[in-house]
Structure formats: C-alpha cells, structure tokens
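Residue-level structural notes
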Amino acid sequence: MLGCSMAFAVVLCLFGLALSATAAEVVQLTDSTFEHDTQAATGSTTGDWFIKFYAPWCGHCRAIEGTWKELAEDLDGEVNVAEVDCTKNAPTCQRFNVRGYPTLLFLSKGNVYQFQGARDKTSLTVFARGGYEDVSPSSVPGEPSFIWVAIAEIEKMVSEVQIHDDPMINAALVGVSLALILMVPLVILLVITNCVTGSNEPAAPTARAPPAATQATQATQASQETKEAEEKEAAAKKAKKEADAKAAQAKKEADEAAAAKAAAAKAQKDAEAEAKAKKTAEAEAKAKKAKAEAEAAEKKAAEAKQEADKKIAEAKAKKEAEKKAKKEAEEKAQKEAEAKAKQEAEEKAKQEAAAAAAAAAAGDSSDEIDTDTDSDTEPSAPTTRRKKATQ
C-alpha cells in the first residue's frame, strides 16, 4: 500500500511538473509539487515565491485572475508567481493556515509574508519587489505528515465514490466499506504477530560469572570506549561549532545580499518615482502650454465672432435701411399716384359738372320756347330730342 502511495505521489509530481512547464506565466502548485518547486521549508534555493491560495467558486479569486497573470508576466525572472487550488490541495492550504480566499502569501528565505493591501497590479508589484519587508514575517510551517496527506487523499477518493444516489446513504456505505477494507490488513497483521511471538520465544540464558582477567579486559575496553566516545563527542561539538560559524557566516552573507537587493529595489523605486515625477512635470508643462494656446485660440475666435457679428449687424442695418427707403419710396409713389388720380378725378368731375351745367342751360332755354306756344300739337322732333338730352 505504501508503494502504491509513493507511485501515486510520483505520478502527481510528474503531472504537476508538466502543468508548470505548459503554464509559463502562473505556476500551478499541488500537494506533491509544492515543496519540491518552492523549497519553502529548507530555504530559498529556487528564489522568492508569490502564491495565491484560492477556490474556483470564489468571486474575489476570479476577479483578480487576469491581474495575477499580468503580475506573472511583469515579475518574470524576478519572482515566481504561483497559485494553489485549495479545493484539490487541502493539506498544503491547511499547512499555511488558509482561512479565506484569496490568501496571498510571499515566501522568501524561509519566511512567510502575508499581503493585505489592495489587489491591483501596482500594489502587488510593489509588494513583491521589496514592499513585503515592511510586513512582520512568520516562519514557514513544516511539511504536512504522510498520515495527513494520506487522510486527505482518502477523503478525496471517498468524496468521488458513488455507490448510491442518496448522498447520506452513499456516505454511510462508503464509510462501512472503508472500515472493512482497513480492518482486514490489521487482523492479518495481528495474527502474524501472535504466531511469530509464540513460536520464537527465546530460552532463558544460564548465568555464568566471567573470570577476573576477562573482567579487567572488559574494564579496560570500557575505559577505552568511554575515551573514544568523549573524543567523538568533542569532535562533534567542534564540528557543530564550525557548522554554526559557517551558518552564521552564510546568514550574514544572506542578510547582506538581502540588504543589497532591498537597496537596489529602493533605488529602482526611487528612480521610477523620479521618472514619474519628471514625466508628470513635463505633462503639466505641456498641459499648461496647451491651455494657454487654447485660451489664445478661444480669444481669437471670440474676436473673430465679435467682428463677424458686427459685420452681420451692419449688413442687417443696411438691409433694413434699404428696405425702409424702398418702402418710403413706394409709399411716396403711391401717395403721388393717389394724388394724381384724385386730381384727375376732380378735373373729370369738374368737366362733367360743366357739361351737365351746359346741358341744363340748353334744356332750360327749350322749355321756355315750349311754354310760350299754346298749341295742342305735338312738339317737333328736334325739340323732343333736346328734352331727352336734358333729362
């Protein structure tokens, strides 16, 4: 059974390595590949790691998925960016005490730094490039035991077994089956142990006193062995002391390297800030110049508009003056025409009145001639015509 578990672990390891090779941006870590790839418990031999512990159903985890991929591209060659699916790798997530998703941890030189800021690319990049040093670290917890990994694998296999459609009945059947499977090898082991202990019971040895020479030899040998043990212990202490000195020297060099890296990161950060400030100043100067040009153009446009409005007003006034003059001319012509027509009508009326007066005068003279003639005869034709004309 142990051989099967080891084979299964090797298969998982190879599968994890294949996933890591295909996903160049974000490394996919599992229970079997985590320690091999990160070397978290033994020290930073594979570099620093920025790891996202997540669950596929977590909305916040899905929200930063794109940002996490961009972060991996930006930090390529500086920091290893990875992620662990806690629904499939429970032992690793339990090892780092993951209680919420996403949990973002930075591993560096045997220490763990938890990210607590805003989950945007800028904040994450700053944290990975030296900002983590402002956070209080904790030591990397030890690897999960084989028993815990085995229990997690069993739980995983049990959750995937489907015996009955009802979940409660299915869980009960799987539990009973698992208990029976585990009891069989225990019973066999117990029977074998009892058989071996019953048949191979040793006989009690006969006590025999050693001779005096043998006792002296044994005493000398014991003294020599004690001296050798003391020498070995002294050599071990010396080796331990040398190892401690080397470890201290290595730690000192690591601290100096870390300080140099932090100083370089700070210098780079300061340079970026300075470049950003310079770029901002140049942008502000350009914006100010553009604003002045825009104001000048706006002023020029306003003046042009004012001039155009003035010309339009003058043209409108001129047009209205021409229209008024034309109207006055038309009114004057109309009045003159009316006056002329009135004058002509008056003259015509005078002529008609004069003609009527003349006709009336002619009629009066004919009436007087008729009145003077006392005759019953009809008047002559000329006289009749004159009367009609008078009428």
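Before going into details, it helps to say that this report is about the structure given with it. (Residues numbered from 1 in each chain as written. Predicted model: local features only at pLDDT ≥ 70, side-chain atom pairs only at ≥ 80, totals over all residues. Heavy atoms only, no water.)

A short note on the layout of surface pockets
It is the rolling of a water-molecule-sized probe over the atoms that shows where space remains empty. Taken as a whole, the second largest pocket encloses approximately 480 Å³ of empty space. If you trace the second largest pocket, you find 18 residues lining it, with V126, R129, A265, K269 and E272 closest to the centre. The set of elements that each furnish at least two residues to the lining of the second largest pocket consists of α6 (121–128) and α9 (212–372). If one sorts the elements of the lining of the second largest pocket by residue count, α9 sits on top with eight residues. In terms of residue class, the lining of the second largest pocket is built from four nonpolar, five polar and nine charged. (1 Å grid on protein atoms, 1.4 Å probe; cavity = no way out; pocket = protein on both sides within 12 Å on 5 of 7 lines; lining within 4 Å. Points joined across faces, edges and corners; volume = space filled by probe spheres on them. Helix = DSSP H or I, 4+ residues; strand = E, 2+ residues; numbered from the N terminus. Nonpolar A, V, L, I, M, F, W, Y, C, P; charged D, E, K, R; others polar.)

A short note on the sheet that holds strand β3 (residues 80–85)
Taken in spatial order, the six strands make up an open sheet running β1-β3-β2-β4-β5-β6, and their pairing is mixed. The open sheet terminates on both sides in strands that have one partner only, identified here as β1 (27–29) and β6 (138–139). As paired strands, strand β4 (residues 103–108) and strand β5 (residues 111–114) are joined by four bridges and run antiparallel to one another. Among the inter-strand pairings, S108 is bridged to a residue of β5, identified as N111. (Pairing = 2+ DSSP bridges.)

Quick word on unusual backbone geometry
Residues Y101 and P102 are joined by a peptide bond in cis, for which omega reads -10 degrees. Relative to the assigned elements, P102 resides in the loop between α5 (90–95) and β4. Located in the positive-phi region is N97, a residue other than glycine, with phi close to 55 degrees. Positive phi is not limited to glycine here, since K109 has a value of about 55 degrees. Secondary-structure assignment places K109 in the loop between β4 and β5.

What to know about a negative patch on the surface
Residues E225, E228, E230 and E231 make up a contiguous surface patch of negative charge. Tracing the sequence through the fold places E230 in helix α9. (Patch = residues over 30% accessible without salt bridge, like charges linked within 9 Å, V, L, I, M, F, W, Y side chains within 5 Å. Areas by Shrake-Rupley, 256 points an atom, 1.4 Å probe, with all protein chains shown as cover. Salt bridge = Lys/Arg side-chain N within 4 Å of Asp/Glu carboxyl O. Lys, Arg positive; Asp, Glu negative; His and termini not counted. Charge placed at Lys NZ, Arg CZ, Asp CG, Glu CD.)

Re the packing of aromatic side chains
In this description, an aromatic ring pair is defined by two values, namely the gap between the centres and the angle between the planes. Under the defined criterion, the tally for this structure stands at twelve aromatic pairs. Between F106 and F127, the aromatic rings sit 6.2 Å apart at their centres with planes inclined by 90 degrees, giving edge-to-face as the arrangement. Of this pair, F106 sits in strand β4 while F127 sits in helix α6, and the two are 21 residues apart along the sequence. This pair shows no difference in class: F106 is buried, exactly as F127 is. (Phe/Tyr/Trp six-rings, centres within 6.5 Å; stacked < 30°, edge-to-face > 60°. Buried < 20%, exposed > 50% of the residue type's maximum accessible area, 1.4 Å probe, protein only.)

As for the side chain of T30
Among the secondary structure elements, T30 is positioned in the loop between β1 and α2 (34–38). Judged by its relative accessible area of 17%, T30 is buried. Among the polar contacts listed, one links the side chain of T30 to the side chain of S32, at a separation of 3.2 Å. (Polar contact = N/O pair within 3.5 Å; in protein donor to acceptor, adjacent residues only side chain to side chain.)

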